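Residue-level structure breakdown
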Amino acid sequence: MYGTELDYAYFAANLGWTPEQYGSCTPVQLLFIRKEIEKKTVRDSDLFKSAVQVAVNNCLNKRKAKLWEKKQGEYDESKAIPYSEIAAIKKQMATNAPWTPWQKKGGG
């Protein structure tokens, strides 16, 4: 009874078609389009199912590896910056910071 209206509603909801766009397709074209929508729905469902399976597997993993673990290395004193150099850099940046256009001349 309302077959044409139901068919149009399906295409309007899935593709955003206007009545003119729906009317310009043949019944065979509409069947092929409907089949492609069905295939896309199945592909999306399978992809979602796989993603959920991976997420559940990751949550239930017994190893419980941390995502963001900071690596602790040995302290190398030869790479340390002396306090005198840090103080000199701070003084230089306070008087002549090259990236700030708002700094007044003379360090003030």
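Up top is the structure.
The structure reproduced in this document is the subject of the present report.

Calculation notes
Residues numbered from 1 in each chain as written. Predicted model: local features only at pLDDT ≥ 70, side-chain atom pairs only at ≥ 80, totals over all residues. Heavy atoms only, no water. Helix = DSSP H or I, 4+ residues; strand = E, 2+ residues; numbered from the N terminus. Buried < 20%, exposed > 50% of the residue type's maximum accessible area, 1.4 Å probe, protein only. Contact = heavy atoms within 4.5 Å. Areas by Shrake-Rupley, 256 points an atom, 1.4 Å probe, with all protein chains shown as cover. Salt bridge = Lys/Arg side-chain N within 4 Å of Asp/Glu carboxyl O. Expected span 1.5 Å × (residues − 1).

Helix and strand content of the chain: 4 helices and 0 strands. Shown N-terminal to C-terminal, the secondary structure of the chain runs as helices and strands in the order α-α-α-α. Taking all 108 residues of the chain together, 6% fall into the buried category. Restricting to contacts in the chain with at least 6 residues of sequence separation, those with at least 24 account for 12%. When the accessible surface of the chain is summed, it comes to about 10,400 Å², and 60% of that surface belongs to carbon and sulfur atoms.

Turning our eyes to something else, we now look at the pattern of salt bridges. Overall, the coordinates contain 4 salt bridges when judged by the stated rule. Here Asp 7 makes a salt bridge to Arg 34, at a shortest N to O gap of 1.9 Å. Note that Asp 7 is positioned in helix 1 (residues 3-15) and Arg 34 in helix 3 (residues 27-59), a separation of 27 residues in sequence. Ionic pairing is found between Lys 39 and Glu 36, a salt bridge with its closest N-O pair at 3.5 Å. Within this pair, Lys 39 and its partner Glu 36 are both found in helix 3, separated by 3 residues, close to a single helical turn.

Let us now look at helix 1. In a regular helix each residue adds 1.5 Å, so 13 residues correspond to 18 Å; helix 1 covers 18 Å between its end C-alpha atoms and thus fits that length. Gly 16 lies just past helix 1 and shows a positive phi near 75°.

Keep in mind these values describe shape, not function.
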